Amino acid sequence: MNNLTDGGSYFGWYWIIWMGFVFLMFSNLGNWGYSYRAHRKYDGTIRRGATEILNERYASGEIDRTQYQQLKADIIAK
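We now turn to the structure provided with this report. Predicted model, so just to flag it, every value in this text is computed and none were measured.

Definitions and limits used
Residues numbered from 1 in each chain as written. Predicted model: local features only at pLDDT ≥ 70, side-chain atom pairs only at ≥ 80, totals over all residues. Heavy atoms only, no water. Helix = DSSP H or I, 4+ residues; strand = E, 2+ residues; numbered from the N terminus. Buried < 20%, exposed > 50% of the residue type's maximum accessible area, 1.4 Å probe, protein only. Areas by Shrake-Rupley, 256 points an atom, 1.4 Å probe, with all protein chains shown as cover. Salt bridge = Lys/Arg side-chain N within 4 Å of Asp/Glu carboxyl O. Axes fitted to C-alpha atoms, helices over the stretch in contact; angles between N-to-C directions. Parallel < 35°, antiparallel > 145°, perpendicular 65-115°, else oblique. Contact = heavy atoms within 4.5 Å. Phe/Tyr/Trp six-rings, centres within 6.5 Å; stacked < 30°, edge-to-face > 60°.

Quick word on the overall build of the protein
Secondary structure summary: the protein contains 3 helices and 0 strands in total. Sequence-ordered secondary structure for the protein, helices as α and strands as β, is α-α-α. Taking all 78 residues of the protein together, the buried fraction comes to 5%. Here the protein displays about 7200 Å² of accessible surface, and carbon together with sulfur accounts for 62% of that area.

What to know about the pattern of salt bridges
Following the criterion strictly, the structure yields 1 salt bridge and no others. Across the pair Arg 57 and Glu 62 runs a salt bridge, and its minimum N-O distance is 3.2 Å. For Glu 62, a relative accessible area of 53% gives the class exposed.

So, the packing of helix H2 (residues 50-59) against helix H3 (residues 65-77)
Relative orientation of the contacting elements H2 and H3 amounts to 180 degrees, with a least axis distance of 10 Å. Judged on the interaxial angle alone, H3 and H2 are roughly antiparallel. Where H2 approaches H3, its residues Ala 50, Thr 51, Leu 54, Asn 55 and Tyr 58 are matched on the opposing element by Arg 65, Tyr 68, Leu 71, Lys 72 and Ile 75.

Looking at the packing of aromatic side chains
Applying the stated criterion across every chain, the model contains 2 aromatic pairs. Taking 6.1 Å as the distance between ring centres and 90 degrees as the angle between the ring planes, the aromatic pair formed by Trp 18 and Phe 21 counts as edge-to-face. One end of the pair, Trp 18, and the other, Phe 21, are both in helix H1 (residues 10-41), 3 residues apart, so they sit about a helical turn from each other. Judged by its relative accessible area of 52%, Trp 18 falls in the exposed class. By relative accessible area, which is 45% here, Phe 21 ends up partly exposed. A centroid spacing of 4.4 Å and a plane angle of 20 degrees characterise the contact between Tyr 58 and Tyr 68, whose relative ring orientation is stacked. In this pair, Tyr 58 sits in helix H2 while Tyr 68 sits in helix H3, placing the two residues 10 residues apart along the sequence. Using a relative accessible area of 31% as the deciding quantity, one classes Tyr 58 as partly exposed. Under the relative-accessibility criterion, Tyr 68 is labelled buried at 13%.

Quick look at the structure:
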């Protein structure tokens, strides 16, 4: 007997299995996209902060003391 022609359970229950499969595929794609973006954001590379860059510029003589103090106050204010 063929389940398609005798009104068997193919149209009654198997569509739930297929919908579950489609749901799992879409949810896996969404999970992959989220984790991909999260790993790109927190990839483990060390990023220098504004104060570190400012300290390096002051130490190398690129900026003088008054500029350093003004820029540091601006960084802290934000």
